[in-house]
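Structural features, examined
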Amino acid sequence: MPRSDGPASAGPRPSRSQRSVASLEGDAGAGPSSTRTGRPAARTTESDPRPELRLVVSRSGLGVELGAPFELGPLRVVELVASLPGIGFPVDLSGGVTAFRHRRGRLERVAVTLDAEALRRFATRRLAGVFAEAAPCAVLAPIEDGLLVGVAGDHFALAFELLLWPADGDLVLLPMAARSLGLPGAPQAHALRAVAACTKGLGVVRGGVVTVPGVARQLVRALLPLAGMRAADAAGVRAGRVELDVGALGWRALRDAEGGAAGAALGLLGERLVRARELAELAAEAEDAHARGEPDVARGAYLAALERAPRHPELTRRIAELDRAAGGRDPAAASLLSDATPLVHAGVLGGALLAALGDTDAAHAAFAQAGQLEPYGPLAALAWLEASRVAPDREASLAALDEAVVRAPGLPAPRAARFEARLAAGNLRGAREDASQLEAAASGAALRHAVCMRAARAYVAAGAWAEASAAFERALRYLPDDAPAVAGLARALEAAGERRRALELLSRAVSLGERAGRRDEAILLDLARALADVAGDFPAAVARVRAIGPFGPASFEARALEARWRGELGDLAGASVALGRLADAVERAMAVLAGDAEPGPLAALFGPAGRYPRREDACAAVASLLADGAALEERERGDTLAARRLWGLALRLRPRDRQAQRELARLAAPAGRPAEAERVPARAPLASAPAPAQEPASEDSAHDEARAAELGDRLRANPADAEVGRALAAVLGRLGRHHELFALAAARVEEGGAEERATWRPVWRDALQALAADAEAAGREREAALFREMLAAAEAER
């Protein structure tokens, strides 16, 4: 066909708004794809925004065609031919294409290729933010009749097949066989969201598919105006089947000639496409309901479709995914899915259901099989990661983690899990290798610093101080003035014995925090300890803990240490004031420590990232501080009232603490009369016996007092004498010496066996009730409340 040697491009240079066409706005400047051998270099919107057109002369008339392939967003238009009807011969061709730019042509054929790498770049930009990741990694690999699509973030992966159905002049995109890990909800819905995001402005979402209407028409409207020519008429042009090429997909559209010649030229649709279209029609109503946020309606529509197509594996899988996402329906989902496919062969969905039902061996097998068969690397890696979590033993878990890292070396979650597993197994060399790989894979100073800090904290938890020091030092390479990293290095060095250097680093960490306007009270506390323990500078240590606020995660320990160090300095009055502040802070925090209120300012006191792992650990630690403070008050100052307050708070934190019970009872005993727990040792268990025997009624209290002293002496000489113990309990009860009776019974309950505890527990409860009544009668409401709490705890223990 003869061609005119007209100009390479026609018409004036279009404006920027004309170049940003349809949904390809901002994507046309993505840059050229690699030029393949034997193909002409493509003109791009980056190098020249105008496609090259040239005239074509044939017997049938005049036309225009694309002179060179042209990049249009992720598409590479390799052929475009449009006829110019209504122009007869002879005709002047000296003006080239420019002379005919006002004429509207008729599209005859168009062909494009979709390069996998160009599509990947395009999809990555379009998917930013769709899955709560700024820039997820997207992979698009050409397969028969479509693409294998994979989207992954740091902790999730989604894979599905996107089949392309040519429907006359439209192109229908059908997401199929979706599967995911790490994303809430049904994978099919996520797949549809991804396709909708990538085709925004081009396609219409309906019935679980995305339809790109008049795809050839949209192409010519996007391309021809860039050359200054009117868009050609695309009516009657039929879309063809997608053809698989090396690393790319090819697609053509032809004008339908008489007798349907275009259909024959474009080829017949394959069996796979036909099955996918049938499934899309079956599931259309359910998918629309799901898109509207009506999962129960969608489930009903899926069930209705399943009645029409019994045991359809894809319909069954989608219902099971809906039930799994709804929560609490795992048995129903497993039962339904197993009718179509054995759960162990049902991929990651089957593994998740088996794990939820407690069959960890089968779940491990299902996840392992899914990891082996999954073509998308990040999803396969997450499947192996799940297999490691339900593995029967450490060896199998480590083997699964090795497989996960092999399938997706750049995915952080599997490698981080292997780092922790190797560290727990004592494989420090392997853990160091994984930590180095995680650091190398991170992009930017901030992310690398965060990776090193996580590794360092893990080393600290494992007691690997040398590795922890090295990791903190690497973190400081990226952010040299980071106070937590400097403090972490100091703590690691202190644990390794380098206490002087640790003191210097802690001082620097505090200075860095103050310079940045952030005061880390945990670092202040560590510096104060180092000043006291390493430098022996108690005044400076007191000054540092005094800077810690009155109510926070470090406040309790700060007040206790202040009291101890003031005692070392001889400032007993100041120590007592500090312990009073400790008691005030504990009373204020009692509801939080008891689990009856939100943590608020104490949120960092306990939990995964707190000072203590659990609430119970925090209560035990604070109770220990109170016990030390009570001992200081009684030993150094002789203030039994202050000591009793501190022991009472410790008992409220730990109602079953026997030591706190005994000490509180001892301190509450009348002046000059020590509690029986002090006077009578109870290390050897008493012989089992029924309830304490009743002593004959005494003529006067003097006789009972003498009898109590005698029985006490005998019991000290032989603590295993059951008769003496019962007799002493009876005498103490008659005398109203309930504190001593409580201490005696508490010691026997704590030290004795099961039968002995059953014998003495009623005596212990009766003594507590009497103590509560005595305190209430004397107006000591706080003390009475403590005894009642102890009674309530005893009833709960029963």
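Below, the structure is looked at part by part. All chains use their own residue numbering, which begins from 1 and follows the written sequence. Given that this is a predicted model, residues contribute local features only at a pLDDT of at least 70 and side-chain atom pairs are listed and counted only at 80 or more, while totals for whole chains, interfaces and linings are drawn from all residues. Side-chain numbers here rest on the full set of heavy atoms in the structure, without hydrogens or water.

**Here we look at the overall build of the protein chain**
Each helix corresponds to a stretch of at least 4 residues labelled H or I by DSSP, and each strand to a stretch of at least 2 residues labelled E; elements are numbered beginning at the N terminus. Of regular secondary structure, the protein chain possesses 32 helices and 14 strands. Exposure categories follow from relative accessible area, calculated using a 1.4 Å probe and restricted to protein chains: below 20% of the type maximum is buried, above 50% is exposed, and the middle band is partly exposed. Scored against the burial criterion, the 798 residues of the protein chain give a buried share of 51%. Note on contacts: a residue pair qualifies if any of its non-hydrogen atoms lie within 4.5 Å across the two residues. The contacts in the protein chain between residues at least 6 apart in sequence include a share of 57% that link residues at least 24 apart. Carbon together with sulfur atoms contributes 51% to the accessible area of the protein chain, which is approximately 35900 Å² in total. Reported accessibility uses the Shrake-Rupley method at a 1.4 Å probe radius. Residues are deemed covered only where the shown protein chains occlude them.

**Overview of the side chain of arginine 422**
Relative to the assigned elements, arginine 422 resides in helix H14 (residues 412-424). A polar atom in the side chain of arginine 422 sits 3.2 Å from the side chain of aspartate 434. Once you skip the residues sitting within four places of it in the chain, arginine 422 turns out to touch Leu398, Asp402, Asn427, Gly430, Ala431, Glu433 and Asp434. Polar contacts, as counted here, are pairs of nitrogen or oxygen atoms within 3.5 Å of one another; within protein the pair requires one atom able to donate a hydrogen and one able to accept it, and residues that are adjacent in sequence qualify only if both atoms are side-chain atoms.

**Comments concerning a positive patch on the surface**
Residues with no salt bridge and a relative accessible area higher than 30% make up the patches, which join like charges within 9 Å and nonpolar side chains (Val, Leu, Ile, Met, Phe, Trp, Tyr) within 5 Å. Basic side-chain nitrogens of Lys or Arg form a salt bridge, by our definition, when they fall within 4 Å of a carboxyl oxygen of Asp or Glu. The charge count treats Lys and Arg as positive and Asp and Glu as negative. His and the chain ends do not count. Just so you know, the charge point we use is NZ for Lys, CZ for Arg, CG for Asp and CD for Glu. Together, Arg104, Arg217, Arg221 and Arg230 give the surface a local cluster of positive charge. Considering the arrangement of structural elements, one finds arginine 221 in helix H4 (residues 215-223).

**Regarding the side chain of glutamine 188**
Topologically, glutamine 188 is positioned in helix H3 (residues 187-198). Separated by 2.8 Å, the side chain of glutamine 188 and the backbone oxygen of proline 175 make a polar contact. Apart from residues no more than four positions distant in its own chain, glutamine 188 is found in contact with Pro175, Ala177, Ala178, Glu287, Glu314, Arg317, Arg318 and Glu321.

**So, the environment of leucine 93**
Turning to its location among the elements, leucine 93 is positioned in the loop between strand E4 (75-84) and strand E5 (106-115). Look at leucine 93 and you get partly exposed, because its relative accessible area is 25%. Linking leucine 93 and leucine 55, residues 38 residues apart in sequence, is a C-alpha distance of 8.4 Å.

**Structural notes on the packing of H14 against helix H15 (residues 428-441)**
To get an axis, a line is fitted to the C-alpha atoms, and for a helix only the part in contact is used. The angle between two axes follows their N-to-C directions and goes from 0 to 180 degrees. Orientation of H14 relative to H15, taken along the N-to-C sense of each, is 155°, at an axis distance of 8 Å. Between H14 and H15, the crossing angle belongs to the class labelled roughly antiparallel. Regarding H14 and H15, the two cross each other, and that crossing is left-handed. Counting all contacts with H14, which are made through Pro412, Arg415, Ala416, Arg418, Phe419, Arg422 and Leu423, the residues of H15 involved are Leu428, Gly430, Ala431, Glu433, Asp434, Ala435, Gln437 and Leu438. For the contact of H14 with H15, the residue count by class is 8 nonpolar, 2 polar and 5 charged. Roughly parallel here means an angle under 35 degrees, roughly antiparallel means over 145, roughly perpendicular means 65 to 115, and every remaining angle is called oblique. In this scheme, a crossing is called left-handed if the near helix is turned counterclockwise away from the far one by less than a right angle; it is called right-handed if the turn is clockwise. Here the term charged refers only to Asp, Glu, Lys and Arg, the term nonpolar to Ala, Val, Leu, Ile, Met, Phe, Trp, Tyr, Cys and Pro, and the term polar to all other amino acids, Gly among them.

**Focus on the nonpolar core**
The definition of a nonpolar core used throughout is a set of buried Ala, Val, Leu, Ile, Met, Phe, Trp, Tyr and Cys residues joined through side-chain atoms within 4.5 Å. Among the nonpolar cores identified, the biggest contains 67 residues, and Phe556, Val586, Leu626 and Leu653 are the most heavily contacted of them. With 11 residues, the top contributor of residues to this core is helix H23 (residues 572-593). Formed by 65 residues, the second largest nonpolar core is a distinct cluster that contains Val151, Leu183, Ala191 and Ala197.

**Some points on the packing of aromatic side chains**
Two aromatic rings, taken as a pair, are described by how far apart their centres are and by the angle between their planes. Pairing of aromatic rings covers Phe, Tyr and the six-membered ring of Trp, with a centre-to-centre limit of 6.5 Å; geometry is then stacked below 30 degrees between planes, edge-to-face above 60, and tilted otherwise. In the structure shown here, the tally under the stated rule is 3 aromatic pairs. Ring geometry for phenylalanine 131 versus phenylalanine 156: centroids 5.6 Å apart, planes at 40°, classification tilted. Of this pair, phenylalanine 131 sits in the loop between helix H2 (116-126) and strand E6 (137-143) while phenylalanine 156 sits in the loop between strand E7 (146-152) and strand E8 (157-167), placing them 25 residues apart in sequence. Both residues of the pair, phenylalanine 131 and phenylalanine 156, belong to the buried class.

Remember, this is a structural readout, not a statement about activity or role.
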